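Each chain is listed here by its residues.
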Protein chains: 2
Amino acid sequence: MSPARPDVTDIADVVPGREVKAAVRRTTRPERARWLRAVADALDEARDELVAVAARETGLPTGRLYGEVARTTGQLRLFADVVLEGGYLEATIDHAVRDATQPRPDLRRWLVPVGTVAVYSASNFPFAFSVAGGDTASALAAGCPVVVKAHPGHGSTSRRTARIVTAALHDAGAPDGLFGLVEGFEAGISLIEHPDVDAGAFTGSVRGGRALADRAAGRTRPIPFYGELGSINPVVVTEAADDAHGAALAAGLASSFTLGVGQFCTKPGVVLVPTGSKLAAALPGLVEPGAMPMLTDTIAAAYVAGTRRLAGVEGVAEVLAPDGPGSPAVYSVGAERFAAAADVLTEEVFGPATVLVTYDGADELQAAVDALPGSLTATIHGTADDDLADLADQLSTRAGRVLFDGWPTGVAVTWAQHHGGPWPATNTQHTSVGATALRRFLRPVVYQDAPEHLLPPELRDDSTVPRRVDGALVARKQLGSLPAP
Amino acid sequence: MSPARPDVTDIADVVPGREVKAAVRRTTRPERARWLRAVADALDEARDELVAVAARETGLPTGRLYGEVARTTGQLRLFADVVLEGGYLEATIDHAVRDATQPRPDLRRWLVPVGTVAVYSASNFPFAFSVAGGDTASALAAGCPVVVKAHPGHGSTSRRTARIVTAALHDAGAPDGLFGLVEGFEAGISLIEHPDVDAGAFTGSVRGGRALADRAAGRTRPIPFYGELGSINPVVVTEAADDAHGAALAAGLASSFTLGVGQFCTKPGVVLVPTGSKLAAALPGLVEPGAMPMLTDTIAAAYVAGTRRLAGVEGVAEVLAPDGPGSPAVYSVGAERFAAAADVLTEEVFGPATVLVTYDGADELQAAVDALPGSLTATIHGTADDDLADLADQLSTRAGRVLFDGWPTGVAVTWAQHHGGPWPATNTQHTSVGATALRRFLRPVVYQDAPEHLLPPELRDDSTVPRRVDGALVARKQLGSLPAP
């Protein structure tokens, strides 16, 4: 790992070669769990220093940053649990059927690491989606070396974190060279094109992600690229819900779309409300006005341009005009106009801006729903009397997470979590948050008629990981002589 | 479904619209299992007629074609079992933790159909990788409408099969319009670019697959594309194995590389043997010489060109010269020359040609292994005295299936099977054969705090599918009052 700023030519020193890849993939699951916990412990220990550096660089409040470090280390420990449990390997054993009409060989399938992963850090999460964030944690858990491209918005935080990660991995006995950091725009491009890089993971803008995805797909040897890109996160408020508690919903929305100065990929950017809603009436008075510092100058400038773009669309009313960069903005537009101008109105504006789309009756609501692009999340606020089945079904085709009576900001890191959605939210059928994020960095291998000593322990007959044997799922080791659990 | 040859403008009539997609994704797992079994039964019933048509079109022997129909219907029935079992849904339930420092919502994840799948048929399997083949079966099983692009090499077989599939689906109560057939080169291109198509699956050449993959990735809304492309399927014979039974290995190789006139994606195209091997000495006498009809004129012409290309490489000896299209060819080259000219010598020649690579000692063997590209399979012939761990590990990075003491032709359709490998074998981390082929046509959705009646039955607390609950895998329904299984 080179802590200095490598230019393009330095990438050759950071991207691992064949020996390092082999050393990493040959490590055991308990070893990798130990690395992840060691990194988590080291980051927790250094949290005061890390938060101080990050606060200086990003302007984010220290309370939020302490929370993010905890989220990051909790995530590392979850992946340690996932690796130790072993279900992620999808171990599958089909014993031979030698005397059948069509004899069948012994087949044993599991998932193996895909190789070296290039991780592109996000601007808005200097810890949780950065150097030691979810992409790095899940790649290391999978058995893949990692090269992180630091985000320029928090270079010092990135370098400091990388030093801690490198030292912790070394002390935990991990192979040298399995983790590296590069910086700079050109280095990022060279990385996805490097012949020894085997997959990419990115969190950021649609434009940036698309450019990298195109390069990944255009290589002589194309590689998988997992982009978490832009998201508009629609919220639908039914007439009954607005009628029952529209003002409370307005308070919830005000908190959600301004949280973190709106700089979350899960910020609700479009809210469908009935005409004359209590929510729309209450919202302007509940939003704290005034500018807040944004993560970078580029983001601040893009926010100003984005809000101007929204305000300039025909039929859009400015309910709450922004007062400079980082200042909340609320717009309103009728459902028909929204549907007609959806290409502009559903383009993500990163920052505290949201658009209220007013619908008059079921047909207008349907027209607005039809105009929604793919998103990470979609939210329904309804009541027990609403028939929401059809709406929920429709939204499930347009989002990876469908929420009820909540707000999309906040992504719990758990076994079931899914953070992904149809294009342009992501370019993948996999998640970047939660236990199954490992699957991005794994590929299947099946062994046919392998001598038992050449099989990994997880695929032998005395395997202890969850596995499918001759078609039947076995949740844990069958302990013949012990009472069933 | 239009049984005539639609030109480009007809695609609009075949690609399903929103209503059909919704109707298909809302069907239940038992319904979809019933469709698959109905299609299997109808194909079995029509097998005499289907085999007769296919034999005329492809020149393949009827015995082989009857076997392929059986494989196809067995595959449809396996996917019915997979759908009914439900483990493929990856159902995951995390109950809420409301009173924690960081309260956690109720999260319930499963996999949902990705939408309409474009299936591109293969030349060499008029049934098993064609209209009602594995891609179609797994897409229907997943809950996706299917549009098949027929292979021009067996248009009548494709149309006949499509009529049977359409009628069987209709009689089984499947939504109208969920299955269609298109024909023609231009129709195939328009299909992958159609805005209502959501994924592609292809079996064929690297060039054809790459062209479609590039179009899928270059769309305004990129879609996943799963290509099963070219494969060289290396075989490594150790000195000890050659010494112990080189002549028997020669007989096995002769059968394998000429099976089906070598027109299998799993044909062994490169065989690493020790210098002066018994295998190489015995092989020429064991190969039945003479031309055999190939699947199409294009394939026959490409075979002649491919064998000429191999023969023209410096240092390559012609052990058995081909006698026209479809006639077996064996070449020999030293390991060092092979490594130097690997770009040409590892390009798939579709047909009964194979290259013996002779190595003198461990270093030359390593050089040859280092030059191998990604493949669907890699095979080791060794003895109990050989230390094969390192070789097996290396080959597992270059192939999706690692075989011991067998031959790669023949792909059992089972739960554990994996038919995929690093580029250029495939462009995906998923399989096109075996139970997990469904995963290509699914995407995750998580429900947050959903009212129970809005959840699919598989995600409710009384779910009966295999699932992970609060981190622990539950292989089947917990039957509290019954004795544990």
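Residues numbered from 1 in each chain as written. Chains lettered and ligands numbered in written order. Predicted model: local features only at pLDDT ≥ 70, side-chain atom pairs only at ≥ 80, totals over all residues. Heavy atoms only, no water.

Chain A carries the name Aldehyde dehydrogenase (NADP(+)) in an unreviewed UniProt entry, which gives Myceligenerans pegani as its organism.

**So, the overall build of chain A**
Secondary structure summary: chain A contains 16 helices and 17 strands in total. Computed over C-alpha atoms, the radius of gyration of chain A comes to 24 Å, within 12% of the 23 Å expected from 2.2 N^0.38 for 485 residues, which places it in the range of a compact globule. Accessible surface for chain A amounts to roughly 17,500 Å². Of this, 53% is attributable to carbon and sulfur atoms. If you average the places of the 42 positive and of the 56 negative side-chain charges in chain A, the two averages end up 8 Å apart. (Helix = DSSP H or I, 4+ residues; strand = E, 2+ residues; numbered from the N terminus. Rg over C-alpha atoms; globule rule 2.2 N^0.38 Å. Areas by Shrake-Rupley, 256 points an atom, 1.4 Å probe, with all protein chains shown as cover. Lys, Arg positive; Asp, Glu negative; His and termini not counted. Charge placed at Lys NZ, Arg CZ, Asp CG, Glu CD.)

**As for the interface of chain B and chain A**
The interface is formed by 70 residues belonging to chain B together with 69 residues belonging to chain A. Between chain B and chain A, a total of about 5,900 Å² is buried, with carbon and sulfur atoms accounting for 53% of that surface. The largest share of the area that chain B buries against chain A comes from F404, Q429 and Q448 of chain B, three residues that together contribute 12% of it. Our count for the chain B to chain A interface comes out at 10 salt bridges. The salt bridge partner of E85 of chain B is R468 of chain A, with a shortest N-O separation of 3.0 Å. Remark: the boundary between chain B and chain A carries 55 residue pairs in polar contact (both at pLDDT 80 or more). Elements with a minimum of two residues in the side of chain B that touches chain A: α2 (18-25), β1 (91-94), β2 (107-113), α9 (206-218), α16 (389-396), β14 (399-404) and β15 (442-448) of chain B. Top element by residues in the side of chain B that touches chain A is β15 of chain B. It accounts for 7 residues. (Contact = heavy atoms within 4.5 Å. Buried area = accessible area lost by both parts, 1.4 Å probe. Salt bridge = Lys/Arg side-chain N within 4 Å of Asp/Glu carboxyl O. Polar contact = N/O pair within 3.5 Å; in protein donor to acceptor, adjacent residues only side chain to side chain.)

**Notes on helix α7 (residues 155-171) of chain B**
Residue and element names in this part refer to chain B. Between its terminal C-alpha atoms α7 stretches 24 Å, which fits the 24 Å expected from 17 residues at 1.5 Å a residue. Within the sequence span of α7, burial applies to G155, T157, S158, R159, T161, A162, I164, V165, A168 and L169. Lining the buried residues of α7 we find α3 (29-45), α4 (47-58), α6 (134-142) and β5 (179-182). In the stretch just after α7, G173 is the one whose phi turns positive, near 85°. (Expected span 1.5 Å × (residues − 1). Buried < 20%, exposed > 50% of the residue type's maximum accessible area, 1.4 Å probe, protein only.)

**Here's the deal with empty space enclosed by the protein**
Per the stated rule, a full pass over the model turns up 7 cavities of 30 Å³ or more. Volume-wise, the largest cavity comes out at about 840 Å³. Lining the largest cavity are 38 residues, with G87, Y88 and E90 of chain A together with G87 and E90 of chain B positioned closest to its centre. Elements supplying a minimum of two residues to the lining of the largest cavity: β1 (91-94), β2 (107-113) and β16 (467-469) of chain A together with α5 (62-85), β1 and β16 (467-469) of chain B. The class makeup of the residues in the lining of the largest cavity is 19 nonpolar, 8 polar and 11 charged. (1 Å grid on protein atoms, 1.4 Å probe; cavity = no way out; pocket = protein on both sides within 12 Å on 5 of 7 lines; lining within 4 Å. Points joined across faces, edges and corners; volume = space filled by probe spheres on them. Nonpolar A, V, L, I, M, F, W, Y, C, P; charged D, E, K, R; others polar.)

**A short note on the relation of the copies chain B and chain A**
What relates the two chain copies is a rotation about an axis together with a slide along it. Relative to chain A, chain B is turned by 180° and slid 0.0 Å along the rotation axis, the superposed coordinates differing by an RMSD of 0.0 Å. As the rotation angle and translation indicate, the two copies are arranged about a two-fold axis. Ranked by how close their C-alpha atoms come to the rotation axis, the residues of chain B are headed by A475 of chain B, at 2.6 Å. A symmetric contact is evident, with 99% of the interface residues of chain B recurring at the interface of chain A. (Least-squares fit on C-alpha atoms with pLDDT ≥ 70 in both.)

**As for helix α4 (residues 47-58) of chain A**
All names here are of chain A. Between its first and last C-alpha, α4 extends 16 Å over 12 residues, near the 16 Å set by a 1.5 Å rise per residue. Residues of α4 that are buried include every one of L50, V51, V53, A54 and T58, and no others. The buried residues of α4 all sit within an arc of 165° when viewed along its axis, so they share a single face. Seen from the buried face of α4, the exposed residues on the opposite side, beyond 90 degrees, are D48 and R56. Among the structural elements, α3 (29-45), α5 (62-85) and α7 (155-171) are those in contact with the buried residues of α4. In the segment just after α4, G59 is the residue with positive phi, at about 75°. (Arc of directions from axis to C-beta.)

**Structural notes on the environment of R309 of chain B**
Residues and elements named next belong to chain B. Examined against the element boundaries, R309 turns out to sit in helix α12 (residues 297-311). Residue R309 is classed as partly exposed on the basis of its relative accessible area, which comes to 30%. Apart from the residues within four sequence positions on either side, R309 is in contact with V344, E347, E348 and V349.

**Quick notes on the UniProt feature "domain: Aldehyde dehydrogenase" (unreviewed entry) in chain A**
Sites flagged by UniProt as "domain: Aldehyde dehydrogenase" (unreviewed entry) map to residues 20-275 of chain A. Here residues 20-275 of chain A runs as 50% helix and 16% strand, with 61 Å between its end C-alpha atoms. (UniProt positions renumbered as here; feature names shortened; annotations may be inferred.)

**Digging into unusual backbone geometry**
In this model, W423 of chain A is joined to P424 of chain A through a cis peptide bond whose omega is 5°. Mapped onto the elements of the fold, P424 of chain A is located in the loop between β14 (399-404) and β15 (442-448). Look at D449 of chain B: it is not a glycine, yet its phi comes out positive at around 55°. With respect to the helices, strands and loops of the structure, D449 of chain B is situated in the loop between β15 and β16.

**Description of the pattern of salt bridges**
Residues and elements named next belong to chain A. Under the definition given, this model contains 48 salt bridges over all chains. Among the ionic pairs, D44 bridges to R77, the shortest N-O distance being 2.9 Å. With a gap of 33 residues between them, D44 in helix α3 and R77 in helix α5 connect regions that are remote in the sequence. We classify D44 as buried; its relative accessible area is 18%.

**A word on the side chain of S277 of chain B**
By the secondary structure assignment, S277 of chain B is in the loop between β9 (270-274) and α11 (278-286). A polar contact is formed between the side chain of S277 of chain B and the backbone nitrogen of A280 of chain B, at a distance of 2.9 Å.

**As for the packing of α4 of chain B against α7 of chain B**
Residues and elements named next belong to chain B. In contact at an axis separation of 8 Å, α4 and α7 are set at 160° when each is read in the N-to-C sense. The angle between α4 and α7 places the two elements in the roughly antiparallel class. Judged by the twist between their axes, the crossing of α4 over α7 is left-handed. On α7, the residues touching E49, L50, V53, A54 and E57 of α4 are G155, S156, T157, R160, T161 and I164. (Axes fitted to C-alpha atoms, helices over the stretch in contact; angles between N-to-C directions. Parallel < 35°, antiparallel > 145°, perpendicular 65-115°, else oblique. Left-handed = near helix turned anticlockwise from the far one by under 90°.)

**Some points on the packing of aromatic side chains**
Applying the stated criterion to the full structure yields 10 aromatic pairs over all chains. A centroid spacing of 5.5 Å and a plane angle of 40° characterise the contact between F125 of chain B and F264 of chain B, whose relative ring orientation is tilted. Of the two residues, F125 of chain B is situated in the loop between β3 (117-120) and α6 and F264 of chain B in the loop between α10 (239-258) and β9; the sequence distance between them amounts to 139 residues. Each member of the pair F125 of chain B and F264 of chain B is classed as buried. Arranged with centres 6.0 Å apart and planes meeting at 85°, the rings of Y226 of chain B and F441 of chain B form a pair that is edge-to-face. Highlighted residues: Y226 of chain B in strand β7 (residues 225-228) and F441 of chain B in the loop between β14 and β15, separated in sequence by 215 residues. Take Y226 of chain B and F441 of chain B: they sit in the same class, and that class is buried. A cation over a ring is seen here: R64 of chain A above F125 of chain A, with NZ or CZ 4.8 Å from the ring centre. (Phe/Tyr/Trp six-rings, centres within 6.5 Å; stacked < 30°, edge-to-face > 60°. Lys NZ or Arg CZ within 6 Å of the ring centre and 35° of its normal.)

**Looking at the sheet that holds strand β3 (residues 117-120) of chain A**
All names here are of chain A. Taken together, 5 strands build an open sheet; the order of strands is β5-β4-β3-β6-β7 and the sheet is parallel. The two strands at the open ends of the sheet, each matched to only one other strand, are β5 (179-182) and β7 (225-228). Strand after strand, the sheet turns through a mean of 15° between neighbouring axes, direction not considered. Bridge count between β3 and strand β6 (residues 199-203): 4 bridges; the pairing is parallel. (Pairing = 2+ DSSP bridges.)

**Some points on the sheet that holds strand β11 (residues 329-334) of chain B**
The strand order across the open sheet built from 12 strands is β17(A)-β16(A)-β1(A)-β2(A)-β15(A)-β14(B)-β13(B)-β8(B)-β9(B)-β12(B)-β11(B)-β10(B), with neighbouring strands paired in mixed fashion. In this open sheet, the two strands that pair with only one neighbour each are β17 (472-474) of chain A together with β10 (317-320) of chain B. Each strand of the sheet is rotated relative to its neighbour by a mean of 25°, with strand direction disregarded. Direction of pairing for β1 of chain A relative to β2 of chain A: antiparallel, over a ladder of 3 bridges. Within β2 of chain A, the position partnered with T92 of chain A by the bridge is R109 of chain A.

**As for the pairing of β2 of chain A**
Residue and element names in this part refer to chain A. Counting buried positions along β2 gives 7 out of 7 residues, so the element sits mostly inside the fold. Where β2 lies against β15, 7 bridges are found, and the strand directions are antiparallel. For R108, the partnering residue across the bridge sits in β15 and is Y447.

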